[in-house]
Amino acid sequence: MKRLFWVGVGVAVGVTATRKVNEFTQKATPAGIGTSLGEGLRELGAGLGAFGAEVRAGMNERSEELYAMVEDTTEIPVRPEPASDARHARAPRRGASHAR
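Residues numbered from 1 in each chain as written. Predicted model: local features only at pLDDT ≥ 70, side-chain atom pairs only at ≥ 80, totals over all residues. Heavy atoms only, no water.

**Student:** Can you explain the packing of aromatic side chains? Please cite residues and give values.
**Tutor:** To describe a pair of aromatic rings, you give the distance between the ring centres and the angle between the ring planes. Using the criterion set out here, one finds 1 aromatic pair in the structure. Centroid distance phenylalanine 5 to tryptophan 6: 5.0 Å. Interplanar angle 75°. Geometry classified as edge-to-face. The exposure class assigned to tryptophan 6 is exposed, which follows from its relative accessible area of 57%. (Phe/Tyr/Trp six-rings, centres within 6.5 Å; stacked < 30°, edge-to-face > 60°. Buried < 20%, exposed > 50% of the residue type's maximum accessible area, 1.4 Å probe, protein only.)

What follows is the structure, encoded as structure tokens:
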């Protein structure tokens, strides 16, 4: 019975080691490296986007706090006018020809 147990343990260790080696060799190929790099860049982009959203939210919150403080102190309305849709239109680039 002991021998059967140790044979089973040896088979399990061998299968696990073989899978790990195959996984490593797949990651070490150019395609595997490219896949890993692509996934890393995708995660980095998502993290940067989330960070930018958090910064913008914090800036808006702080701006509101500052506007409220100035308005309470001076009793003068200082909040900017709501932006129109033209705000999001792109301005022509410098040096770009206007005739298309």
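**Student:** Tell me about helix 2 (residues 30-74), residues and numbers included.
**Tutor:** Its 45 residues give helix 2 an end-to-end C-alpha distance of 65 Å, which sits within 8% of 66 Å, the value for a rise of 1.5 Å per residue. Restricting attention to buried positions, one finds in helix 2 the residues Gly32, Gly52 and Glu71. Against the buried residues of helix 2 lie helix 1 (2-28). Glutamate 75 lies just past helix 2 and shows a positive phi near 60°. (Helix = DSSP H or I, 4+ residues; strand = E, 2+ residues; numbered from the N terminus. Expected span 1.5 Å × (residues − 1). Contact = heavy atoms within 4.5 Å.)

**Student:** Can you tell me about the pattern of salt bridges, naming the residues and giving the values?
**Tutor:** Applying the stated criterion across every chain yields a total of 3 salt bridges. One salt bridge in this structure joins glutamate 65 and arginine 62, with 3.1 Å as the shortest N-O distance. Pair noted here: glutamate 65 and arginine 62 are both in helix 2, with a separation of 3 residues, about one helical turn. With a relative accessible area of 45%, arginine 62 lands in the partly exposed category. The salt bridge involving glutamate 64 is made with arginine 79; its shortest N-O contact spans 2.3 Å. Taken together, the positions of glutamate 64 in helix 2 and arginine 79 in the segment after helix 2 put the pair 15 residues apart, joining distant regions of the chain. The structure contains a network of salt bridges with shared partners spanning Glu64, Glu71 and Arg79. (Salt bridge = Lys/Arg side-chain N within 4 Å of Asp/Glu carboxyl O.)

**Student:** Tell me about the side chain of glutamate 71, and name the residues and values.
**Tutor:** Tracing the chain through its elements places glutamate 71 in helix 2. In this structure glutamate 71 comes out as buried when scored by relative accessible area, which is 18%. Ignoring anything within four residues of it in the chain, the contact list for glutamate 71 reads Ile76, Pro77, Val78 and Arg79.

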